[in-house]
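# Coordinates in review
Listed below are the residues making up each chain.
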There are 2 protein chains.
Amino acid sequence: MTASPDIENLITRLARLPGLGPRSARRAALALLQAPQTRLQPLSEALETVARTVQTCPECGNLDSQAPCALCRAPDRTQDLICVVETVGDLWALERSGAYRGHYQVLGGTLSPLAGTGPEHLNLAGLRARLARGEVREVILALGATVEGATTAHWLQSYLLDSHPDVRVSQLGQGLPMGGALEVLDDGTLMAALAARRELQG
Amino acid sequence: MTASPDIENLITRLARLPGLGPRSARRAALALLQAPQTRLQPLSEALETVARTVQTCPECGNLDSQAPCALCRAPDRTQDLICVVETVGDLWALERSGAYRGHYQVLGGTLSPLAGTGPEHLNLAGLRARLARGEVREVILALGATVEGATTAHWLQSYLLDSHPDVRVSQLGQGLPMGGALEVLDDGTLMAALAARRELQG
Ligand SMILES: [Zn+2]
Ligand SMILES: [Zn+2]
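Note that the structure is predicted; figures quoted are calculated from it, not measured.

### Considering the packing of helix α1 (residues 5-15) of chain B against helix α2 (residues 22-34) of chain B
All names here are of chain B. Contact geometry of α1 with α2 gives a least axis separation of 8 Å together with a crossing angle of 125 degrees. Of the possible angle classes, the one that applies to α1 and α2 is oblique. The chirality of how α1 crosses α2 is right-handed. Seen from α1, the contacting residues are Ile7, Glu8, Leu10, Ile11, Leu14 and Ala15; seen from α2, they are Pro22, Ala25, Arg26, Ala28, Ala29, Leu32 and Leu33. Taken together, the residues of the contact of α1 with α2 sort by class into 11 nonpolar, no polar and two charged.

In structure tokens, the structure reads:
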């Protein structure tokens, strides 16, 4: 053991974050410990706050300090347009691009017959409720260009065309590189993909 | 703004850690929020604990949950050998190498005439006290192979030979790549440098 158990525990916790290996976790812990007022306390308080306040939006699956989330509450967003994404990270990426001003549905995953993930594992409650209330004009499928993303999009397309033939279903068009997750794309690619979305025929 | 103010604040705090840019801070925040029980709470508690317990050792300048630190208290470490390092990160690197079993003095910086950093800005109290008590047989200067490190080593060498001519002064030998900080060296390099330390003549 190098440092005290408390410090080693902090390093272990930091090392489990994506993007931080054991070595950079050690550097990060040291940077925190060497600046208790300006780094450690603010990060500690930020974590306490989100742990206390942030929850999954019951309508769309977004993460926010209020429920329903700020996006679901926003009166200036297009109410009858729903964009279906896999993860909150994908939602954040689309929001950062500024290209989309409707509502969202965060599935929380994708269909994967091999992994045993069926439609019952997807978060679809909010979408189903909005469809049932007749609020939806168009559903944009913004799933990743992966096998699982395509499988999920295909199932959603069938489901929507079957149950709500009056609702338009489209998916993001050109611009999605194969195998890429939405989250890592730049804003321009996301804007182009959104602008070039194409309607899916039954 | 993409996420809620609380989440954006967390991302901002994470992005200020060394090794995490804005993009990876966003991914890290999402990973924390999506696993509140297994990631967020443990990290939050680890930070609270170190904020409450960790302090600078009044003897050597190490960071630890007790004062004096575990290294200064350890009865099985060589009591009359002091290794002078620039930072706690350097101390950790030497401890990880397992090559050193004496005491430390963490300077907290280096001499830099250009930056206006003089000897009065270095943490030397513990070393001075140990020298005054006649406890020290050898001081190992383990400073980085930089201009500032060399300046600091030179000053310390003069100071020690002047004030305590009976104390041996050595510095890390072969193995230190030029311009490199100790903290990023592998254990083998550190062990070789320590084994090949050479005594400095007045
Ligand atoms: Zn919502
Ligand atoms: Zn100590």
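This is not the end of the story, as more comes after the structure.
### Quick word on the packing of helix α2 (residues 22-34) of chain A against helix α3 (residues 36-53) of chain A
Residues and elements named next belong to chain A. Running from N to C, α2 and α3 cross one another at 115 degrees; their axes reach a closest spacing of 6 Å. The angle between α2 and α3 falls in the class roughly perpendicular. Along its contact with α2, which presents Ala31, Leu32, Leu33 and Gln34, the element α3 presents Pro36, Arg39, Leu40 and Leu43. In the contact of α2 with α3, the residues fall into six nonpolar, one polar and one charged.

### Notes on the coordination of the zinc ion (ligand 2)
Residues and elements named next belong to chain B. For the zinc ion (ligand 2), the full set of protein donor atoms is Cys57 (SG), Cys60 (SG), Cys69 (SG) and Cys72 (SG), at a range of 2.3 to 2.4 Å. Taken together, the four donor atoms coordinating the zinc ion (ligand 2) and their angles of 101 to 116 degrees define a geometry best described as tetrahedral. The sequence motif formed by the donor residues of the zinc ion (ligand 2) is C-x2-C-x8-C-x2-C. Linking Cys57 in the loop between β1 (55-56) and β2 (63-64) with Cys69 in the loop between β2 and α4 (70-73), this pair joins segments that are 12 residues apart in sequence. Judged by its relative accessible area of 3%, Cys57 falls in the buried class.

### Points about the nonpolar core
One finds Ile7, Leu14 and Trp92 of chain A together with Ile7, Leu14 and Trp92 of chain B to be the most contacted residues of the largest nonpolar core, which totals 88 residues. Residues Ile82, Val136, Val139 and Val167 of chain B belong to the second largest nonpolar core, which totals 18 residues.

### Overview of the UniProt feature "zinc finger region: C4-type" (unreviewed entry) in chain A
Following the UniProt record, the feature "zinc finger region: C4-type" (unreviewed entry) maps to residues 57-72 of chain A here. Split by type, residues 57-72 of chain A is 19% helix and 12% strand. Its first and last C-alpha atoms lie 8 Å apart.

### Structural notes on the environment of Arg52 of chain B
Among the secondary structure elements, Arg52 of chain B is positioned in helix α3 (residues 36-53). Sequence separation between Arg52 of chain B and Arg137 of chain B is 85 residues; the distance between their C-alpha atoms is 36 Å.

### Some points on the domain arrangement of chain A
Domain boundaries assigned for chain A yield domain 1 (5-53) and domain 2 (63-199). Distance from the C-alpha centre of domain 1 of chain A to the C-alpha centre of domain 2 of chain A: 33 Å.

### Brief notes about the relation of the copies chain A and chain B
Mapping chain A onto chain B calls for a rotation angle of 180 degrees and an axial translation of 0.0 Å; the resulting RMSD is 0.0 Å. In short, the pair behaves as if placed about a two-fold rotation axis. When each C-alpha of chain A is compared by its distance to the rotation axis, Ser44 of chain A comes out closest, at 2.9 Å. Both copies contact each other with a shared surface, as 100% of the interface residues of chain A are interface residues in chain B too.

Reading the values: the criteria
- Residues numbered from 1 in each chain as written.
- Chains lettered and ligands numbered in written order.
- Predicted model: local features only at pLDDT ≥ 70, side-chain atom pairs only at ≥ 80, totals over all residues.
- Heavy atoms only, no water.
- Axes fitted to C-alpha atoms, helices over the stretch in contact; angles between N-to-C directions.
- Helix = DSSP H or I, 4+ residues; strand = E, 2+ residues; numbered from the N terminus.
- Parallel < 35°, antiparallel > 145°, perpendicular 65-115°, else oblique.
- Left-handed = near helix turned anticlockwise from the far one by under 90°.
- Contact = heavy atoms within 4.5 Å.
- Nonpolar A, V, L, I, M, F, W, Y, C, P; charged D, E, K, R; others polar.
- Donors = N, O, S within 2.8 Å, 3.2 Å for Na, K, Ca; no water.
- Tetrahedral: all angles 85-135°; square planar, octahedral: opposite > 155°, others 65-115°.
- Buried < 20%, exposed > 50% of the residue type's maximum accessible area, 1.4 Å probe, protein only.
- Core = buried A, V, L, I, M, F, W, Y, C linked by side-chain atoms within 4.5 Å.
- UniProt positions renumbered as here; feature names shortened; annotations may be inferred.
- Domains from an automatic or database assignment.
- Least-squares fit on C-alpha atoms with pLDDT ≥ 70 in both.

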